[in-house]
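Residues per chain are reported as follows:
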Amino acid sequence: MKRQRFTMLLVVALSLAALASSFAPGVTASVAAAPDIPQSVQPAPASPPVDFPTVDPSYIYNQLFYMVTHFQRREAGYDNNQPVSVNGHDEFAAYWQAEMLRDLQGFGAQARHDAFHVDGWQGRPATVEAFNVEVTVPGVTHPEQVVVIGCHYDGEASSTQSANDDGSGCAIELGVAKALATYWRTNHLYPARTLRFVIYDAEEQGIFGSFHYVNQTVNGDLGNIVAMLNEEQNGIGYPLRFLGKTSNPLLPTTLWMTPLTNNQAYNDTQSFTSAQTQAITAFRSLMQQDAPTAFAAFRQLGYGSLTYRNDQNQPVTQQIFTPQDLQYTPEADDNLGGSDNYPFALAGLPTATFIGNYSYYDQNPPPWSYPYDQPQDTIQLMNVFASGSEAEAKALDLSLALPGMLTTWALAQPAVLGFAAADGKPLAAISDIASTTPGAAIALDASASYDPTNPGATLTYSWSFGDGGRATGVATQHAWASAGDYPLSLTVSDASGSRTITKTIHVTTSPVVITNPYQGFPQDGRPRANPAVTLPQPENTSPLGGSSSTGTPGVAAPGWLWALVAILAIIALAAIAFGVSMARRPAMNTAAGVVSPAEAERQRREQAVRGLLTPRSPDQRPPEGSGSE
């Protein structure tokens with residue numbers, strides 16, 4: 001009887017809805033013309049499996065949505081224990097760190113905060129230090145060699161979500177980490193080289209975080225960096241069409257590479273050594289295989305088509321990730337020097353930056369120019385660019401996933417990161433090597449070392465500095481008295497065996513210093529909007545408050561009629577709610593404390609953030625380590 005009563009109520013509700021629609025023909029036309037476009041990615045079964053780590057588009061989108069809607073206004077140098085509603089900078093870093101460590105659980109991942117001074121915006125001195133966040137996973141066979149994956153997490157002074165620039169990069173890094181760990185667990189593998197995930201701070205103020213990283217944090221280790229992969233503003237790129245319309249072109253996702261000839265951003269490539277030139281050339285050649293392989297993987301995983309719409313708002317399904325579409329993932333020289341790859345490339349290292357649309361500040365921008373560095377840069381507007389609606393768009397999911405897939409394929413290559421099986425011995429890892437000059441002590445630690453076969457094993461550490469000096473313990477300091485090359489060795493041991501890692505330390509009176517061309521040109525943090533760009537309105541809320549902007553205006557109705565329709569709709573909805581609750585009551589779990597999976601995940605995320613955050617006074621730097629921010 002309860003189910004029969006629910007059915008009767010549903011019929012009544014539908015009848016009322018039909019009655020209401022008969023009084024609003026304009027709205028009816030709008031709804032009828034809405035395209036039937038799926039809003040989430042549901043891949044078809046894959047056959048056979050792809051032979052490298054593959055990212056989950058939905059995971060990347062969900063992480064992006066959560067981070068940028070919860071942790072906004074991320075100004076570097078100003079989050080003096082401010083509420084998250086005022087400045088979400090530190091909370092964003094804490095959440096990203098916790099999620100990264102969760103994704104990489106079981107692979108010895110260790111986090112550290114790397115603080116540095118920033119002046120702040122022009123006319124507004126910074127109140128606290130900025131900080132990069134680095135998560136390290138030690139390698140098995142060549143732990144002395146390093147691959148860096150980076151992006152930035154700060155925003156402008158006027159920013160809100162900073163979703164595209166560069167919340168997207170932070171979410172893609174998480175997606176890459178999750179894909180790698182899943183693949184490693186399934187195949188009982190580990191990274192062959194050491195992998196460092198980094199989110200850089202103060203990029204918007206002058207790329208200060210990555211320049212600090214190159215000139216200070218890893219300055220003594222630059223010769224051991226194999227490659228740097230940079231996740232810049234993504235999501236407004238292939239296979240997205242502006243507003244989801246077939247009349248608009250496919251937008252490209254570009255791979256910026258370290259140039260070998262001078263251009264407007266690089267004027268000293270001739271100083272690259274022969275070894276550096278060979279490494280950059282080999283890396284660029286390898287990356288030419290990246291997009292074809294990633295495209296094939298997407299199709300193999302079931303992402304071979306996408307539904308757009310024509311100018312009549314009717315759905316049109318087209319093939320994507322085809323060989324013909326490889327033209328939309330061009331490889332080009334970096335000639336802008338405007339992102340965190342820049343100091344690495346200036347140092348002569350192989351780099352690849354994945355970036356979507358960046359035409360907003362052009363003099364004659366196309367209509368699909370996305371407003372990065374503007375307050376309007378939100379996940380909702382990214383969806384509008386992808387489909388015309390603020391709801392999750394499949395095109396945006398895939399556009400965010402593409403750089404992640406390009407990254408995981410590159411990392412799977414033996415010449416870049418490579419993978420290897422564990423050999424039963426503990427893994428040895430040495431922290432970043434800072435600038436090394438005679439008489440200056442540098443801090444060293446081996447906290448990322450662990451035993452894959454016995455993660456809880458007690459390790460012992462033995463250091464040899466190549467100048468007769470020795471030390472024990474997980475952390476130490478050392479200064480070399482004179483210039484020269486010294487073999488730095490660390491031996492890590494437990495009951496299962498030992499492993500030794502050796503790096504050559506180049507102690508010099510003239511360490512490499514990469515000049516930051518943005519230094520000395522303070523910004524105010526409020527980039528001017530481009531008046532030549534008209535941003536689209538979401539089609540379900542027109543600026544005039546009428547119907548969906550499908551070309552059919554709404555038809556006005558008398559106020560008393562709409563009031564009556566509203567009252568009837570409220571009554572119908574209440575009846576439906578009551579009917580549903582009565583119909584489902586016998587099957588409900590009434591145990592105390594039971595929550596939905598979505599609510600449990602939300603609580604887990606917020607608990608992770610609360611557990612990592614600790615109040616700090618203005619003169620305190622963010623504490624290092626994986627257990628706190």
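For the structure itself, look to the data block above.
Residues numbered from 1 in each chain as written. Predicted model: local features only at pLDDT ≥ 70, side-chain atom pairs only at ≥ 80, totals over all residues. Heavy atoms only, no water.

**Q** Give me the lowdown on the overall build of the protein, citing residues and values where you can.
**A** Helices and strands together make up the secondary structure of the protein, namely 13 helices and 20 strands. Looking at the protein as a whole, 52% of its 629 residues qualify as buried. Across the protein, contacts joining residues at least 24 apart in sequence account for 76% of those joining residues at least 6 apart. Accessible area of the protein: about 26400 Å², with a carbon and sulfur share of 56%. (Helix = DSSP H or I, 4+ residues; strand = E, 2+ residues; numbered from the N terminus. Buried < 20%, exposed > 50% of the residue type's maximum accessible area, 1.4 Å probe, protein only. Contact = heavy atoms within 4.5 Å. Areas by Shrake-Rupley, 256 points an atom, 1.4 Å probe, with all protein chains shown as cover.)

**Q** An account of the packing of helix α10 (residues 379-387) against helix α11 (residues 394-412) is needed here, citing residue identities and associated values.
**A** In a packed pair of helices, the relevant descriptors are the angle between the two axes and the axis-to-axis distance. Where α10 contacts α11, the two axes come as close as 8 Å, and the packing angle between them is 105 degrees. In this view, α10 runs roughly perpendicular relative to α11, as classed from their interaxial angle. For the pair formed by α10 and α11, the contact residues are Ile379, Met382, Asn383 and Ala386 on the first element and Ala395, Leu396 and Leu400 on the second. Classifying every residue of the contact of α10 with α11 by side-chain character gives 6 nonpolar, 1 polar and no charged. (Axes fitted to C-alpha atoms, helices over the stretch in contact; angles between N-to-C directions. Parallel < 35°, antiparallel > 145°, perpendicular 65-115°, else oblique. Nonpolar A, V, L, I, M, F, W, Y, C, P; charged D, E, K, R; others polar.)

**Q** Kindly report on the packing of aromatic side chains, identifying the contributing residues and their values.
**A** Tallied over the full model, the rule gives 29 aromatic pairs. Here the aromatic cluster, defined as three or more aromatic residues joined through ring pairs, consists of Tyr66, Phe71, Phe92, Tyr95, Phe131 and Tyr153. One cation-aromatic arrangement involves arginine 124 over tyrosine 78; the distance from NZ or CZ to the ring centre is 4.2 Å. Between lysine 178 and the ring centre of tyrosine 59, over which it is positioned, the NZ or CZ distance is 5.0 Å. (Phe/Tyr/Trp six-rings, centres within 6.5 Å; stacked < 30°, edge-to-face > 60°. Lys NZ or Arg CZ within 6 Å of the ring centre and 35° of its normal.)

**Q** Summarise α11; cite the residues concerned and give the values.
**A** In a regular helix each residue adds 1.5 Å, so 19 residues correspond to 27 Å; α11 covers 26 Å between its end C-alpha atoms and thus fits that length. Of all the bends found along α11, the most pronounced is centred on alanine 401 and spans about 25 degrees, while proline 403, a proline, follows it within four residues. (Expected span 1.5 Å × (residues − 1). Bend = angle between axes of the 7 residues up to and from the residue.)

**Q** Can you lay out helix α8 (residues 290-300) for me, pointing to particular residues and giving the numbers?
**A** Among all positions of α8, only Asp290, Ala291, Ala294, Phe295, Ala297 and Phe298 are buried. The arc enclosing the buried residues of α8, seen along the axis, measures out at 160 degrees, which places them on a common side. Positive phi shows up at glycine 302, right after α8, with a value of about 100 degrees. (Arc of directions from axis to C-beta.)

**Q** Kindly report on the sheet that holds strand β19 (residues 484-494), identifying the contributing residues and their values.
**A** Strand order across the open sheet formed by 4 strands is β17-β16-β19-β20, with antiparallel pairing between neighbours. The open sheet has two edge strands with one neighbour each: β17 (470-472) and β20 (497-507). Between one strand and the next, the sheet's axes are offset by a mean angle of 15 degrees, whatever the strand orientation. Sheet topology note: the strand β16 (residues 460-464)/β17 ladder contains 3 bridges and is antiparallel. Each bridged residue has a counterpart across the sheet, and for serine 462 the counterpart in β17 is threonine 472. (Pairing = 2+ DSSP bridges.)

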